[in-house]
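Structural overview for review
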Amino acid sequence: MGKGGRSLISYGEVPVRSSSGGYPVRVGSGVRGTLPQVVAGAATSGRCAVIADERVAGLWYDDLASALAGHGLEAVPAFFPPGEASKTRETWGALTDVLMDARLGRDCCVVSLGGGVTGDLAGFVAATFLRGVPFVQLPTTTLAMIDASVGGKTGVDHPLGKNLVGAFHAPVAVLADPDFLTTLDTGLRAQGYAEAVKHGVILDAGYAGWLASRARPLLDGDAEVVGRAVVRSVELKAGVVSADEFEGGRRRILNFGHTVGHALELESAFTLPHGHAVAVGMVAEARIGEELGVAAAGTADEIRALVSAFGLPSSHPSLAHPQRLVALMVRDKKTRSGVIHIVRLEELGRTGVGDATTIPVREDELVRIIEGSPADN
Ligand SMILES: NC(=O)c1ccc[n+]([C@@H]2O[C@H](COP(=O)([O-])OP(=O)(O)OC[C@H]3O[C@@H](n4cnc5c(N)ncnc54)[C@H](O)[C@@H]3O)[C@@H](O)[C@H]2O)c1
Ligand SMILES: [Zn+2]
């Protein structure tokens, strides 16, 4: 199957439990070549919709479609313009219409070929088309491999905020193939490592250090090192989402960096990439934790060093307008009864548990702390 041959070098397989029975995340160079077997198992009609943005479709769709055809399977292409601006109910509607027009039935499946935007959109189409059809994830960005393709969250943005309309819909399998990264530029590769650093920061300080020490091969897309990072990140995320699929408790630690991060994205009208927003958000939230006396002194600086190893930003000009950011945080899904919560990070690798997973922060206190942040880079 083009661009790298047919051989498969496996870096591991991580099982993820879910209410629908669980699914494997298979990580390997060439693992995309196993898509026909997965589709044959998921779609008794042998027909699948392949949802991709036009950029990824131009690079990878033909290979995939001919591999499927070689196994007597039919791919129905459903493409949309790249970018977060496409993650809308309108695109969801247009993609659904393509599936309807192709007369796909409940015996089809939906394949997501792309980054996190595609996975969220395609997953939401799969969750809702004919009340739900099987869904296969082929993540093509580091962010999607390391984070977005695992956990079953799907959905679209709303003018009032990110991911406000969606559903939980677990995939039947995730095929994470680092070979896809050969066509992704370094800046986009770096963005996914913000989420990997997050996994280390909240759950495994040793992993966070390992990541920073391997930043060069990770940014270069060295398949074996990327494969190891994907396996470890998925293990860590799977451990959390398997225990709390619908975000009642423990899963909230995955929101570390996202309370401030989502506000920054919203403030930028989604022009700030998610990975950058999370990198800045993690440093800011660690600093808030330090100021409130829950995080060990120096935690924010440690995180700053980790994200900097990947060339990711640790500050942003919008932090100079804390009032506006805090107003956006109040509107976020993570506020409960109108109170802003941030994840209680105590030191690298350790967070609060149970009711202390997050802490409420008063709005005026947040404004004061963010106002006092060092406005570096
Ligand atoms: N569902 C979840 O749990 C979850 C978790 C984290 C993030 N997300 C979502 O993920 C999205 C961000 O994901 P993303 O950064 O992957 O964005 P993306 O899907 O928009 O991809 C970024 C860009 O890279 C291009 N691209 C993708 N793969 C490529 C490849 N192999 N070669 C060349 N170009 C390629 C795309 O065309 C796009 O322009 C956000 O919407 C975020 O909310 C979801
Ligand atoms: Zn994220």
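Here, every reference points to the structure presented above.
The sections below set out a description of the structure shown in this document.

Basis of the calculations
- Residues numbered from 1 in each chain as written.
- Chains lettered and ligands numbered in written order.
- Predicted model: local features only at pLDDT ≥ 70, side-chain atom pairs only at ≥ 80, totals over all residues.
- Helix = DSSP H or I, 4+ residues; strand = E, 2+ residues; numbered from the N terminus.
- Rg over C-alpha atoms; globule rule 2.2 N^0.38 Å.
- Buried ≥ 20, exposed ≤ 12 C-beta atoms within 10 Å, placed from the backbone.
- Expected span 1.5 Å × (residues − 1).
- Arc of directions from axis to C-beta.
- Contact = placed C-beta atoms within 7 Å.
- Pairing = 2+ DSSP bridges.
- Axes fitted to C-alpha atoms, helices over the stretch in contact; angles between N-to-C directions.
- Near = placed C-beta within 6 Å.
- Nonpolar A, V, L, I, M, F, W, Y, C, P; charged D, E, K, R; others polar.
- Domains from an automatic or database assignment.
- Parallel < 35°, antiparallel > 145°, perpendicular 65-115°, else oblique.
- Left-handed = near helix turned anticlockwise from the far one by under 90°.
- Core = buried A, V, L, I, M, F, W, Y, C linked by C-beta atoms within 7 Å.

Moving on: the overall build of the protein chain. Secondary structure assignment for the protein chain yields 14 helices and 13 strands. Its C-alpha atoms give the protein chain a radius of gyration of 20 Å, within 12% of the compact-globule value 21 Å for 377 residues. In the protein chain, buried positions account for 54% of the 377 residues.

Taking 1.5 Å of rise per residue, the 13 residues of helix H3 (residues 89-101) would be expected to cover 18 Å, and the 18 Å separating its terminal C-alpha atoms lies within 8% of that figure. Along H3, the residues classified as buried are Thr91, Trp92, Leu95 and Leu99. Here the buried residues of H3 occupy an arc of 105° about the axis, which is enough to place them on one side. Opposite the buried face of H3, by more than 90 degrees, sit the exposed residues Glu90, Gly93, Asp97, Met100 and Asp101. Those residues of H3 that are buried are in contact with strand E3 (47-53), strand E4 (74-80), helix H4 (116-128) and strand E7 (153-158). Following H3 by one or two positions, arginine 103 has its phi on the positive side, about 60°.

Strand pairing in a sheet takes place through backbone hydrogen bonds and is either antiparallel or parallel in direction. Spatially, the seven strands line up as an open sheet ordered E1-E2-E9-E6-E5-E3-E4, and their pairing is mixed. The two strands at the open ends of the sheet, each matched to only one other strand, are strand E1 (9-16) and E4. If you compare each strand with its neighbour and ignore which way they point, the axes differ by 20° on average. One ladder, built from two bridges, connects strand E6 (residues 135-139) with strand E9 (residues 173-176); its direction is parallel. Paired with glutamine 137 across the two strands is valine 174, which belongs to E9.

Here the focus is the site of ligand 1. Residues in close proximity to ligand 1 total 30 residues, the closest being Gly115, Gly116, Val117, Thr141 and Ala148. The residue inventory of the shell around ligand 1, partitioned by class, reads 10 nonpolar, 12 polar and eight charged. Here the shell around ligand 1 gathers at least three residues from each of two domains, domain 1 (9-184) and domain 2 (187-371).

Put simply, helix H10 (residues 258-267) and helix H11 (residues 274-291) touch, their axes get as near as 7 Å, and they point 135° apart. Classed by the angle they form, the pair H10 and H11 counts as oblique. Viewed along their axes, H10 and H11 form a crossing whose handedness is right-handed. Of H11, the residues touching H10 (which contributes His258, Thr259, Val260, Gly261, Leu264 and Glu265) are His274, Ala277, Val278, Val280, Gly281, Ala284 and Glu285. In the contact of H10 with H11, the residues fall into six nonpolar, five polar and two charged.

Here we come to the nonpolar core. Counting residues in each nonpolar core, the largest one holds 125 residues, and the members touching the most others are Val39, Cys48, Ile51, Cys109, Val110, Val111 and Val125. For this core, the element with the highest residue contribution is helix H9 (residues 223-243), accounting for 11 residues. Viewed by domain, this core spans two of them, domain 1 (9-184) and domain 2 (187-371), each represented by three or more residues. What valine 111 contacts, discounting residues up to four positions off in sequence, is Val39, Cys48, Ala49, Val50, Ile51, Val136 and Leu138.

This part is about the pairing of strand E2 (residues 23-29). Across the seven residues that make up E2, a large majority, six, are buried. Pairing analysis gives seven bridges linking E1 to E2, with the strands arranged antiparallel. Along E2, the bridge assignment pairs glycine 12 with valine 27. Connecting E1 to the antiparallel partner E2 that follows it, the hairpin turn spans six residues, and glycine 21 within it adopts a positive phi of roughly 115°. Two strands pair when backbone bridges link them, and E2 and E9 are joined in this way by three bridges, in the parallel orientation. Within E9, the residue paired with valine 27 across the bridge is alanine 176.

Further remarks concern unusual backbone geometry. With a phi angle near 60°, arginine 103 is a residue other than glycine that sits in the positive phi range. By secondary structure assignment, the location of arginine 103 is in the loop between H3 and strand E5 (109-114). With a phi close to 65°, phenylalanine 270 is a non-glycine residue in the positive phi region. As for its position among the elements, phenylalanine 270 is in the loop between H10 and H11. The partly exposed category is assigned to phenylalanine 270, around which 16 C-beta atoms lie within 10 Å.

It is worth spelling out the packing of helix H6 (residues 186-203) against helix H7 (residues 205-213) at this point. Across the interface, H6 lies against H7 with an axial gap of 6 Å and an inter-helix angle of 145°. Mapping the contact onto sequence places Tyr193, Ala196, Val197, His199, Gly200 and Val201 in H6 and Ala205, Tyr207, Ala208 and Leu211 in H7.

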